[in-house]
Every structure is written in C-alpha cells, then in structure tokens.
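A closer look at the structure
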Amino acid sequence: RDTHLDGIARYSIETTQGLLNLNKNGKFKFTLLFHKEEVRETVERFLRGSLYEVSMIPFPCFSLKEPFLLPKVLQHLETDLFFSPNYLTFPFNGKTKTVLVIHDLTQYVSPETLEANLKWKIFFKFKFQTKFILDRVDKIITDSEHTKKDIIRLFRVKEEKIVVIYPGIDKKFF
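Residues numbered from 1 in each chain as written. Predicted model: local features only at pLDDT ≥ 70, side-chain atom pairs only at ≥ 80, totals over all residues. Heavy atoms only, no water.

Some details on the nonpolar core
The cut-off we apply is this: The nonpolar core is taken to be a set of buried Ala, Val, Leu, Ile, Met, Phe, Trp, Tyr and Cys residues, with the residues joined through side-chain atoms within 4.5 Å. Residue burial is assigned from relative accessible area. The probe radius is 1.4 Å, only protein chains are included, and a residue is buried under 20% of its type maximum, exposed over 50%, and partly exposed in between. Helix and strand definitions follow DSSP, with helices as H or I runs of at least four residues and strands as E runs of at least two, each counted in order from the N terminus. Residues are treated as being in contact if the distance between any of their heavy atoms lies within 4.5 Å.
Grouped together as the largest cluster of nonpolar side chains are 17 residues, with contacts concentrated most on Tyr87, Leu105, Leu134, Ile140 and Ile151. Listing elements by their share of this core, those giving two or more residues are strand E4 (97-102), helix H6 (128-136) and helix H7 (145-155). Per-element accounting of this core gives the leading share, three residues, to H7. Leave out the neighbours within four places in its chain, and Leu134 touches Tyr87, Ile102, Ile140, Ile151, Phe155, Val157 and Lys161. The next biggest cluster of nonpolar side chains, apart from the first, holds eight residues, and it includes Leu20, Phe34, Val39 and Tyr52.

Points about a nonpolar patch on the surface
The criterion, for reference: The patches described consist of residues with a relative accessible area above 30% and no salt bridge, like charges being joined within 9 Å and nonpolar side chains (Val, Leu, Ile, Met, Phe, Trp, Tyr) within 5 Å. In these tables, accessible area is a Shrake-Rupley quantity obtained with a 1.4 Å probe, and a residue counts as shielded only by the protein chains included in the view. Definition used for salt bridges: Asp or Glu carboxyl oxygen within 4 Å of a side-chain nitrogen of Lys or Arg.
Together, Ile169, Phe173 and Phe174 make up a nonpolar patch on the protein surface, roughly 450 Å² of accessible area in all. Along the chain, Phe173 falls in the segment after strand E6 (162-164). For Phe173, a relative accessible area of 61% translates into the label exposed.

What to know about the pattern of salt bridges
Summed over all chains, the structure comprises eight salt bridges. Its salt-bridge partner being Lys148, residue Glu159 comes within 3.4 Å of it at the nearest N-O pair. Here the residue Glu159 occupies a position in the loop between H7 and E6, and Lys148 occupies one in helix H7, the gap between them amounting to eleven residues. Salt bridges here are not isolated pairs; linked through shared partners, they connect Glu37, Arg40, Glu41 and Glu44.

Quick look at the pairing of strand E1 (residues 31-34)
Look at any regular strand and the pattern is simple: side chains alternate between the two faces of the sheet. Here is the rule we go by: A pair of strands is considered paired only if DSSP assigns at least 2 bridges between the two.
In E1, alternate side chains face the same way, and those of Leu32 and Phe34 are buried while those of Thr31 and Leu33 on the opposite face are not. Bridge count between E1 and strand E2 (residues 53-56): four bridges; the pairing is parallel. For Thr31, the partnering residue across the bridge sits in E2 and is Glu53.

Side note on the pairing of strand E3 (residues 81-84)
The side-chain alternation of E3 yields one buried face, formed by Phe82 and Ser84, and one unburied face, formed by Leu81 and Phe83. One ladder, built from four bridges, connects E3 with E4; its direction is parallel. Pairing of Phe82 across the sheet is with Thr98, part of E4.

Keep in mind these values describe shape, not function.
Here is the structure:
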C-alpha cells in the first residue's frame, strides 16, 4: 500500500519472507504485486536474496478497479494461489485459489473506534461486501480464536474454512 511499515505491512513482509525461505529449492513460483515503485523498493530491501518475481500492476490496492483488473492480472500470471494479508483484496474470478488474512474485526465489533475516511466508514457499515468475499475464499487465516469466533458469528463462515495461526515474535527481541 505505502512505504509506512505498520503492523500489517510488517506482518506481510515477514510472512512473505517465511514462505520464500520454505521455497529455497524454487519448487514454487512467487510473484509479488506492486502498484507503486517506492513500495516495491521498500519491500525488496527486506527480501534480498529470495526467489521471487515482481509484477507492477496498473491500479492501487483497494481501488474500484481492483476487483475487475486483479483477476485478469492473476490469469495472465497463471496464478494457482493468491495470498492477501488483508481480507478486502480478492480476485473475483472463481478460478484462483485464495487465502486471506483477518487480523481482527474491530470495525464491526466496535465501530465507534473506527478512525477512517467516509468511504471506509460506509464500506464497514454494511457487512454484505465482506460476507460476499469470505463466502468465496478457500481459506481464512486469523491470529486468534476470538477473531475466529467473530468471523463465524458475524459472517456465518464455516469453521473448517478458518485456520488460526498465532503471531510470531521476531528473534531479534530475544
């Protein structure tokens, strides 16, 4: 999204590095999608020496173009699996297996805490968009049992579709 390394950005980089480390033999092809060159440069500073390709896409994350153009990009890249560190980015083509991450659902559980612009406040006011996305993904990763219960309660997602993977801690803190 941008060059600010917030929690989701750090999670995304470290998850990507972990997946790339598991692929040292190059059995799988990893393609990272970027809209902004400066974001690519920031991420690549952390992923040096890893086996992956880069594809620059002509639309920003969360744009109105994304749901229509992302499936075409993935089809062109012959993508088997799409992983997104957030649950709002989804390829609406029905062909690409998709794994999304939900860190929390604060915007639905405690909407009064949402500090967002009007577009996002309207989006989160209505749950049908999120339900539409979650009904179509293959797997959902979340980092707590509590959020898993929220997903099931708020969106009626089948429990077997959700996997809880607890957050790790960087070794540099020990």
